[in-house]
Amino acid sequence: MQKIELMAPAGNFESLQAALDNGANSIYFGVEQLNMRARASVNFTLDDLPEIVKRCEAKKVRTYLTLNTIIYDHDLSIVKTLIKKAKEANVTAVIAMDQAVIAVAREYAMEVHISTQINITNIETVKFYALFADTMVLSRELSLRQVKHITEQIEKEQIKGPSGRLVEIEIFGHGALCMAVSGKCYMSLHSSNSSANRGACKQNCRKKYTVIDQETGFEMELDNEYIMSPKDLCTIDFLDEIADSGVKVLKIEGRGRAPEYVANVIKCYRDAIDSVENDTYNKEKVILWMQELEKVYNRGFWSGYYLGQKLGEWSKGSGSHATQKKVYIGKGVHFYPKAKVGEFKIEAYDLSINDNILITGPTTGAKEFQLKDMLVNDKKLNKGTKGDSITIPLEFRIRPSDKLYKIVENKVEA
């Protein structure tokens with residue numbers, strides 16, 4: 001079995017750094033517009049491309065620019081500009097679903113990856129897109145048995161992409177699932193004139209609804225189930241089967257989620273992939289990974305369509321089921337490199353010794369640890385309050401843009 005490439009989301013520099021620090025092999029990101037998270041995350045700008053690539057190349061991490069929305073004629077000049085700048089910055093590949101994007105990428109000799117929105121479900125479609133792309137994301141609706149059949153046929157028939165390498169198959173591994181076929185949904189466009197297929201989904205499916213009988217006027221609240229809002233996908237408990245299926249890239253969803261989400265999920269899946277490779281993957285480890293994954297944003301977990309189970313794993317609520325949450329405490333002030341101490345200003349709530357804390361920032365990423373020592377207004381105290389200046393021993397540099405949080409238990413209704 002070839003080692004799986006772990007692909008991480010990056011909605012901003014904090015998440016990008018979190019992905020790099022926790023073992024991602026590749027990252028995918030959007031620039032300004034024309035990506036499927038155009039409104040859900042901050043997104044980078046064209047001017048950020050050199051810095052993104054610089055950080056990733058320093059850790060030998062591949063970079064994928066998402067240009068995977070429907071493209072209209074008035075978008076074509078933007079597409080050409082984005083791809084030209086991506087090529088100049090040495091971005092590894094473009095993720096595309098529109099043939100216009102694929103054509104422009106070929107014009108600039110950029111590697112192309114086919115987005116799940118294309119809805120590849122069979123080997124003949126793989127053969128067709130092999131004329132243009134080296135990596136393809138299969139339809140989210142396929143079972144692992146179907147995925148394995150496709151990867152075996154690629155090997156058997158020696159189906160190669162433009163690079164001359166065998167086509168690599170990518171699948172979704174963890175994160176939000178949409179009830180629509182491979183993400184192609186019109187609910188948001190119909191209700192709000194805001195197209196999900198243009199990266200502007202209003203997430204109608206995550207809401208609670210009341211059904212009304214048009215003949216009698218009888219109303220029925222759909223009790224305890226958000227019937228259009230699936231639980232989040234989680235594959236860490238059958239990752240060995242995924243490796244056996246011949247998948248080469250495992251994609252983690254979450255460009256709209258916080259940097260600590262990226263750090264936590266990437267760390268868990270990095271450990272799991274490494275465990276599968278060195279033959280130490282077991283149920284005991286899976287239990288621990290699941291406990292860690294439950295700490296950050298999630299709608300509950302299920303295995304998606306991969307195992308061929310009965311469908312209908314709906315979320316029980318509109319928000320997160322995370323067992324932990326972060327509470328804002330304050331912001332960075334200064335770092336003293338000789339003493340390796342970071343100074344923070346407390347702007348809200350208290351902070352005490354033995355609290356679990358999180359520090360995030362565009363360069364820092366997401367660092368979480370237990371507070372063991374601190375000075376409060378230059379005095380050794382066990383507790384700091386709003387308005388206090390505190391200093392904390394740190395093994396990493398902080399900056400004034402960094403934020404300090406306390407991690408607390410999150411009580412979720414059953």
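Look a little higher up for the structure.
Worth saying up front: this structure is predicted, and the values here are computed from it rather than measured.

Rules used in this analysis
Residues numbered from 1 in each chain as written. Predicted model: local features only at pLDDT ≥ 70, side-chain atom pairs only at ≥ 80, totals over all residues. Heavy atoms only, no water. Axes fitted to C-alpha atoms, helices over the stretch in contact; angles between N-to-C directions. Helix = DSSP H or I, 4+ residues; strand = E, 2+ residues; numbered from the N terminus. Parallel < 35°, antiparallel > 145°, perpendicular 65-115°, else oblique. Left-handed = near helix turned anticlockwise from the far one by under 90°. Contact = heavy atoms within 4.5 Å. Nonpolar A, V, L, I, M, F, W, Y, C, P; charged D, E, K, R; others polar. Phe/Tyr/Trp six-rings, centres within 6.5 Å; stacked < 30°, edge-to-face > 60°. Lys NZ or Arg CZ within 6 Å of the ring centre and 35° of its normal. Pairing = 2+ DSSP bridges. Buried < 20%, exposed > 50% of the residue type's maximum accessible area, 1.4 Å probe, protein only.

This brings us to the packing of helix α1 (residues 13-21) against helix α9 (residues 259-277). Viewed as axis vectors pointing N to C, α1 and α9 meet at an angle of 15 degrees, and their least axial separation amounts to 8 Å. Our classification of the angle between α1 and α9 gives roughly parallel. Our pair here, α1 against α9, has a crossing hand that is right-handed. On α9, the residues that touch Glu14, Ser15, Ala18 and Ala19 of α1 are Pro259, Val262, Ala263 and Ile266. Among the residues forming the contact of α1 with α9, the class breakdown is 6 nonpolar, 1 polar and 1 charged.

Now for the packing of aromatic side chains. For the coordinates displayed, the defined rule picks out 9 aromatic pairs. Over the ring of Phe172 we find Arg140; its NZ or CZ atom is 4.3 Å from the centre of that ring.

This part takes up the sheet that holds strand β21 (residues 379-380). Strand pairing in a sheet takes place through backbone hydrogen bonds and is either antiparallel or parallel in direction. Taken together, 8 strands build an open sheet; the order of strands is β19-β18-β24-β15-β16-β23-β20-β21 and the sheet is antiparallel. Since the sheet does not close on itself, it has two edges, and those belong to β19 (365-370) and β21, each with one partner. Of the pairings in the sheet, the one linking strand β20 (residues 375-376) to β21 comprises 2 bridges and is antiparallel in character. The partner of Leu375 across the bridge, within β21, is Lys380. Sheet strands in contact with α1 are β18 (356-361) and β19, and its direction is about 65 degrees off that of β19. Where α9 meets the sheet, its contacts fall on β15 (324-336), β18 and β19, and the angle it forms with β19 comes to roughly 75 degrees.

Moving on to the pairing of strand β16 (residues 341-346). Counting buried residues along β16, 5 of its 6 residues qualify, which places the element largely inside the surrounding structure. Two elements, β15 and β16, share 6 bridges in a ladder whose sense is antiparallel. Within the sheet, the bridge partner assigned to Lys331 lies in β16 and is Lys345. Counting the residues in the hairpin turn of β15 and β16 gives 4 residues, including Lys340, whose phi is positive at 55 degrees. Two strands pair when backbone bridges link them, and β16 and strand β23 (residues 389-393) are joined in this way by 5 bridges, in the antiparallel orientation. The residue bridging Val341 from the neighbouring strand is Pro393, located in β23.

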